[in-house]
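Reading the structure
Next come the chains, spelled out residue by residue.
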Amino acid sequence: MIKEVALAGLAAVVFLFYLPFLALGYYAVGGGELKTPPLSMLTTTFLLAAATAVVSIALAYPAAYYLAKRGTELEFALLVAPLWIGTLLKAYSLLTLFAIVEKFTGLRLWGSPLGVLVGMVYEYLPYSLLTIYAAVEKLSETPVNAARVLGASRLQAFLRVELPLTMPGVVAAFVLVFLLALGEVIMPAVLGAGKVYTFGSYIWDLYFKSRDFYNGSILSLALSGLSLLATYVVVKAIRTFSI
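Just so we're clear, the structure is a prediction, and the values are computed from it rather than from any experiment.

**Thoughts on the side chain of Thr 52**
Within the secondary structure, Thr 52 is located in helix α3 (residues 39–69). Looking at Thr 52, the relative accessible area reads 0%, which means it is buried. At 2.6 Å, the side chain of Thr 52 and the backbone oxygen of Leu 48 are in polar contact. Not counting the four nearest positions on each side in its chain, Thr 52 is found in contact with Leu 117, Met 120, Val 121, Tyr 124, Val 177 and Ala 181.

Below, the structure is given as structure tokens:
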């Protein structure tokens, strides 16, 4: 009975998720004019999303490792505190920081891809941190101690035992941040100054500036499909690498 209920729930979720994709075929067959974004915009969107995921994981892994092994509750709260603040407030606070950086170093981050990347990493770093922390925290010390007894150094034990065992958490963090970053709108709009235009920004403009709800909906579905495809490719590649 439980199995039948679970399968029915799974079928309902799959049906409700994939049913809207039929609208894409109906729209194309019906002769609708699809306003597709340029290839450069897609490239910028995917590169920003991938860079955000990679940088977030690179920064989050050492912090998550420290928190899981020696961290205190206060340190944990301080590192996840950005989750309590709205994205728009964080974006405008970064504008102030960018102005200070430009004043003292001459480096202009506002209106540049680097500035948008900084904002997106700031936004999604806590998600990477929490995901990797969960993977490291539940890791048993037994394999590590066994490696040390067999003569492995602390670094060797980490690289050959702990890191591979926490790779599922790294993969999960990458997929989570990558998917969230693909549809990001606020950071490119505020920090990009109209010079960094992403797929999410394009869909936003179709909805709220052009009032073109048909194209906005279809492209939202297309972005979901591209996200699924990119996730499959990334997960398969990382699993192959980890093996």
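**Let's talk about a nonpolar patch on the surface**
Residues Leu 83, Trp 84, Ile 85, Leu 89 and Leu 130 make up a contiguous nonpolar surface patch of roughly 510 Å² in combined accessible area. Position of Leu 83 relative to the elements: it lies in the loop between α4 (73–80) and α5 (87–105).

**Things to note about α3**
Taking 1.5 Å of rise per residue, 31 residues should cover 45 Å, and α3 covers 45 Å from first to last C-alpha, within 8% of that figure. At Ala 60, α3 is deflected by roughly 30°, the largest bend along its length, and proline Pro 62 occurs up to four residues later in sequence.

**Things to note about the packing of α3 against α4**
Where α3 contacts α4, the two axes come as close as 10 Å, and the packing angle between them is 155°. Classified by the angle their axes make, α3 and α4 are roughly antiparallel. Relative to α4, the crossing made by α3 is left-handed. Taken together, the residues of α4 that come into contact with α3 (itself represented by Ala 63, Tyr 66 and Leu 67) are Glu 75, Phe 76 and Leu 79.

**Re the pattern of salt bridges**
Inspection of every chain in the model, using the stated rule, returns four salt bridges. Across the pair Asp 205 and Lys 209 runs a salt bridge, and its minimum N-O distance is 3.7 Å. Exposure remark for Lys 209: the relative accessible area of 64% places this residue in the exposed category.

**A look at the side chain of Thr 45**
You can see Thr 45 is positioned in helix α3. There is a polar contact of 2.8 Å between the side chain of Thr 45 and the backbone nitrogen of Phe 199. Apart from the residues within four sequence positions on either side, Thr 45 is in contact with Leu 182, Thr 198 and Phe 199.

**Overview of the confidence of the model for the chain**
Confidence in the prediction of the chain, expressed as mean pLDDT, is 81, and 88% of residues score 70 or more. Here helix α2 (residues 21–29) stands out as the least confident element of the chain, with mean pLDDT 60; helix α6 (residues 113–137) is the most confident, with 91.

What counts and what doesn't
- Residues numbered from 1 in each chain as written.
- Predicted model: local features only at pLDDT ≥ 70, side-chain atom pairs only at ≥ 80, totals over all residues.
- Heavy atoms only, no water.
- Helix = DSSP H or I, 4+ residues; strand = E, 2+ residues; numbered from the N terminus.
- Buried < 20%, exposed > 50% of the residue type's maximum accessible area, 1.4 Å probe, protein only.
- Polar contact = N/O pair within 3.5 Å; in protein donor to acceptor, adjacent residues only side chain to side chain.
- Contact = heavy atoms within 4.5 Å.
- Patch = residues over 30% accessible without salt bridge, like charges linked within 9 Å, V, L, I, M, F, W, Y side chains within 5 Å.
- Areas by Shrake-Rupley, 256 points an atom, 1.4 Å probe, with all protein chains shown as cover.
- Salt bridge = Lys/Arg side-chain N within 4 Å of Asp/Glu carboxyl O.
- Expected span 1.5 Å × (residues − 1).
- Bend = angle between axes of the 7 residues up to and from the residue.
- Axes fitted to C-alpha atoms, helices over the stretch in contact; angles between N-to-C directions.
- Parallel < 35°, antiparallel > 145°, perpendicular 65-115°, else oblique.
- Left-handed = near helix turned anticlockwise from the far one by under 90°.
- pLDDT = per-residue confidence, 0-100.

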